[in-house]
Amino acid sequence: MTASERVRYQRLPGRRRGVIRGSSVWLGPDHLLLVQSWRFREEYKRFHLGDIQAIAIASAPRFHISTRSLGIGVLWLIGYAASGRLGSLQEPIVWTVAAALVATWAYLCASCSCVCRIYTAVSCDELPSIYRTRTARKFMRRVESHIVAAQGALEGDWVEAIDDKTIGPPEVTPVEQPAPGVRDAGMAKRRSGRLSAIFVGTMFLDAALSYLEKTHATTAVMRIGYAVMAIEVGLSVALLIEHYRGRLRAGMVKLVIASLLVTGITWYTPQLIASFSAIQAASEVRAGRPAGNTSVFRTRADAVIADTDIGAHVLWGVMGIAILTRRQMPLQGGAGTGIV
Amino acid sequence: MPTKQLALNGTADCSLCGALNEAWPFRAALVSAPVAHPEEALVGEAACYDHPEARAVTACQLCGRFLCPLCSVEIGAEVLCPSCVASGKVAAARLNPSLTLFDSIALTLPLASLIIYPFLVVAAPASLVLSALRWKKPLSPVRRNRWRFVVAIVVSLIEIGLMAWGIVYLIAAATHGGSNQ
């Protein structure tokens, strides 16, 4: 092992733990190390303390679902599944807990979140591990003294001096390239905005229809439900194309993927359970036993899936409104993102 | 961002989106980045390996090539030439922008094969071999311990043990069944 490999790093406040992606920032002897992991791979980026021009924290909503929040969600789901056995009295408590958990998460994501960017003369990079304002301040308290020790403190009238300079990489004017067949870039943007709004609308419509299907399951309601689901999938594809063309808000694409995942799970899981139940029932009948237990399990599982579907669509709808109503963040990293 | 407001409060509203920003400017913001200007090599002077017209100022500490300021790559205390850096001869963990996490792979193999059980026969021994081969190799600049390898080895050994027991049990049952008849 070489000397450079034995560099000791101290973990800095803030850690992003996602299902697939993770991120953390570490302090080395003369640099900060940004580690971004993709389950089986880690990518590193180093920022020498002497090169850091500024660190900026901008308040912004961050709807990140961490593995910790997923764990809490799974615990709640277990509690919900168990509440059926405990009796109907427990159900309101379980739903109140769910509402409180979602409200806390939404509050943290909307009001206590931020985007943290680090600027050098040639780069502007986001630190994904720092997405809560409190953590960002803690991070700054740890890092500031090290950077000042490496560079020296700002002295004299730095405000006047800094006014003439641009922090971050030099400004590059982006060349607007309208999509083929679309003359006006503004028109294309409006179209993607309209698509997003319709998509968010279908989230609520889907939730309402799923609720109707649960309470008044008629053929007409089910057919409308299938039609809305088909529209929802079509809109998702259209929005993914808009994302590919670079005309979609950052959060919207995550919402589209999440809704497609939920739709896929709620569509295929009942079918899988039905197949499993049918096989189980057949084997029970062959063995000469009554096949009652599997149907009870199937009914309970269907109810859980239906409730999850309704809850998820309402949540996606609320998040969609939040994304649509929030002002567009102009800074997306890379060149041309100077802060002063 | 309005700098005066920033200097007074440490916070400033973004002039574009209105979001509240906190910013910490540092001294490097006032310093212009140094630009490498290689000097012309005169007759009899050492010249850069890649730029024969430029005067050499240093030599690569690995291959010894003469380098002009433009070609010298400083990595910590070492000065290297771009080709040595590109060839990967130097401290891999320090230079590599990415690494494969073999300990995570070794841990996932036996655990994932519990769900996709037909792969257990291959996954458990593969995890053992991977753990043994990669045990002494550097993991990542920030990972200090090898608990994933340890768990992977333990889980793989249990799985292999259970598989062996299952095979022995089946053979014994078949032999017993055969001898009883």
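That block above? That's the structure.
Keep in mind the model is a prediction, meaning the values are calculated, not measured. (Residues numbered from 1 in each chain as written. Chains lettered and ligands numbered in written order. Predicted model: local features only at pLDDT ≥ 70, side-chain atom pairs only at ≥ 80, totals over all residues. Heavy atoms only, no water.)

## Thoughts on the overall build of chain A
Note the following rule: The helix count covers DSSP runs of H or I at least four residues long, the strand count covers runs of E at least two residues long, and both are numbered beginning at the N terminus. Summary of the burial criterion: residues with accessible area below 20% of their type's maximum are buried, those above 50% are exposed, and those between are partly exposed, where the area comes from a 1.4 Å probe applied to protein chains only. Any two residues whose heavy atoms approach within 4.5 Å at even a single point are treated as in contact. Per-residue and other accessible areas follow the Shrake-Rupley method at a 1.4 Å probe size, with only the shown protein chains counted as cover for residues.
Along the backbone of chain A there are 8 helices and 7 strands. A total of 340 residues make up chain A; the buried ones form 39% of that total. Of the contacts formed within chain A by residues at least 6 apart in sequence, a portion of 67% connects residues at least 24 apart. Of the accessible surface of chain A, which amounts to about 18,900 Å², a share of 62% is contributed by carbon and sulfur atoms.

## So, the overall build of chain B
Secondary structure summary: chain B contains 6 helices and 7 strands in total. Within the span of chain B, comprising 181 residues, buried residues form 33% of the whole. Taking all contacts inside chain B whose residues are at least 6 apart in sequence as the whole, residues at least 24 apart take part in 29%. When the accessible surface of chain B is split by element, carbon and sulfur atoms take 65% of a total near 11,000 Å².

## Some remarks on the sheet that holds strand 5 (residues 54-59) of chain A
The condition is simple: By the convention used here, strands pair only if DSSP detects at least 2 bridges between them. Only the contacting stretch of a helix is used when fitting its axis, a line to C-alpha atoms as for every element, and angles between N-to-C directions run 0 to 180 degrees.
Taken in spatial order, the 5 strands line up as 7(A)-6(A)-5(A)-2(B)-1(B) in an open sheet, and their pairing is antiparallel. Every interior strand has two partners, whereas the edge strands, strand 7 (124-126) of chain A together with strand 1 (11-13) of chain B, have only one. With strand direction ignored, the average angle separating the axes of adjacent strands in the sheet is 25°. When strand 6 (residues 114-119) of chain A meets strand 7 of chain A, the two strands line up antiparallel, connected through 3 bridges. Residue pairing across strands places Y119 of chain A opposite C124 of chain A, the latter belonging to strand 7 of chain A. Running at roughly 170° to strand 5 of chain A, helix 3 (residues 133-151) of chain A makes contact with strand 5 and strand 6 of chain A together with strand 2 (20-25) of chain B of the sheet.

## So, the sheet that holds strand 7 (residues 98-100) of chain B
Taken in spatial order, the 5 strands line up as 1(A)-2(A)-3(A)-4(A)-7(B) in an open sheet, and their pairing is antiparallel. This sheet does not close on itself; its edge strands, each paired only once, are strand 1 (10-17) of chain A together with strand 7 of chain B. Each strand axis lies, on average, 20° off the axis of its neighbour in the sheet, ignoring direction. Sheet topology note: the strand 2 (residues 21-27) of chain A/strand 3 (residues 31-38) of chain A ladder contains 7 bridges and is antiparallel. Across the sheet, the residue bridging to S23 of chain A is Q36 of chain A, located in strand 3 of chain A. Here helix 3 of chain A sits on the sheet in contact with strand 1, strand 2 and strand 3 of chain A, set at roughly 150° to strand 1 of chain A.

## Some details on the pairing of strand 1 of chain A
Residues and elements named next belong to chain A. As paired strands, strand 1 and strand 2 are joined by 5 bridges and run antiparallel to one another. By the bridge assignment, R17 is partnered in strand 2 with G22. The antiparallel pairing of strand 1 with strand 2 creates a hairpin that spans 3 residues between the two strands.

## Quick word on the nonpolar core
Residue and element names in this part refer to chain A. Test applied: We call a set of buried residues a nonpolar core when its members are Ala, Val, Leu, Ile, Met, Phe, Trp, Tyr or Cys and they connect through side-chain atoms within 4.5 Å of each other.
Counting 22 residues, the largest nonpolar core has V25, L32, I52, I55, L127 and F139 as the members making the most contacts within it. Listing elements by their share of this core, those giving two or more residues are strand 2, strand 3, strand 5, strand 6 and helix 3. The biggest single contributor to this core is helix 3, with 5 residues. For L32, the residues in contact, after removing those within four places along its chain, are L12, V25, W26, L27, K45, R46, F47, L49, I52, I118, F139 and V143.

## Quick notes on the environment of G152 of chain A
In this structure, G152 of chain A sits in the loop between helix 3 and helix 4 (158-163). Judged by relative accessible area, which is 21%, G152 of chain A ranks as partly exposed. Taking the C-alpha atoms as reference points, G152 of chain A and G50 of chain A, 102 residues apart in sequence, are found 9.1 Å from one another. Not counting chain neighbours up to four residues away, the residues in contact with G152 of chain A comprise I147 of chain A together with R27 of chain B.

## A few points about the packing of aromatic side chains
Our working rule: Stacked, tilted and edge-to-face are the three classes assigned to paired rings of Phe, Tyr and Trp, where Trp is represented by its six-membered ring and a pair needs centres within 6.5 Å; plane angles under 30 degrees give stacked, over 60 edge-to-face, the rest tilted.
Counted by the stated rule, this structure contains 7 aromatic pairs over all chains. Ring geometry for W135 of chain B and F149 of chain B: centres 6.0 Å apart, planes at 40°, overall tilted. Of the two residues, W135 of chain B is situated in the loop between helix 5 (120-134) and helix 6 (147-180) and F149 of chain B in helix 6; the sequence distance between them amounts to 14 residues. Taking relative accessible area as the criterion, W135 of chain B reaches 34% and is therefore assigned partly exposed. Exposure remark for F149 of chain B: the relative accessible area of 0% places this residue in the buried category. Taken together, a centroid distance of 5.5 Å and an interplanar angle of 25° make the contact between W165 of chain B and Y169 of chain B stacked. Residue W165 of chain B and its partner Y169 of chain B are both found in helix 6; the two are separated by 4 residues, about one turn of the helix. Classification of W165 of chain B by relative accessible area gives exposed; the value is 58%. Ring pairing ties together the aromatic residues W76, Y80 and W95 of chain A, which thus form one cluster.

## With respect to the packing of helix 4 (residues 102-115) of chain B against helix 5 of chain B
Residues and elements named next belong to chain B. Where we set the bar: Angular relationships are summarised with four words: roughly parallel below 35 degrees, roughly antiparallel beyond 145, roughly perpendicular across 65 to 115, and oblique for the angles in between. By definition, turning the near helix anticlockwise from the far helix through less than a right angle yields a left-handed crossing, and turning it clockwise yields a right-handed one. Polar here means any residue other than Ala, Val, Leu, Ile, Met, Phe, Trp, Tyr, Cys and Pro, which are nonpolar, and Asp, Glu, Lys and Arg, which are charged; Gly is therefore polar.
Running from amino to carboxyl end, helix 4 crosses helix 5 at an angle of 165°, the nearest separation of the two axes being 9 Å. In terms of orientation, helix 4 lies roughly antiparallel with respect to helix 5. Of the two elements, helix 4 crosses helix 5, and the hand of that crossing is left-handed. Contacts between helix 4 and helix 5 pair F102, I105, A106, L109, P110, S113 and L114 from the former with L120, A123, A126, S127, L130, S131 and R134 from the latter. Taken together, the residues of the contact of helix 4 with helix 5 sort by class into 10 nonpolar, 3 polar and 1 charged.

## Quick look at the state of the cysteines
Residues and elements named next belong to chain B. Test applied: Cysteine sulfur atoms are paired as a disulfide whenever they come within 2.5 Å of each other.
Throughout the structure, instances matching the rule amount to 0 disulfides over all chains. C71 takes part in no disulfide bond, and the closest cysteine sulfur to it belongs to C48, at a distance of 3.7 Å. Looking at C81, it has no disulfide partner, and the nearest cysteine sulfur is the one in C63, 3.6 Å off.

## A look at helix 5 of chain B
All names here are of chain B. What counts, and what does not: What a helix should span is 1.5 Å times the count of its residues minus one. The arc in question is the one spanned by the directions pointing from the helix axis to the C-beta atoms.
Taking 1.5 Å of rise per residue, the 15 residues of helix 5 would be expected to cover 21 Å, and the 21 Å separating its terminal C-alpha atoms lies within 8% of that figure. By the burial criterion, the buried members of helix 5 are L120, A123, A124, S127, L130 and S131. The arc that holds the buried residues of helix 5, viewed along the axis, is 130°, so those residues lie on one side. Of the residues in helix 5, the exposed ones pointing more than 90 degrees away from the buried face are V121, V122, A132 and L133.

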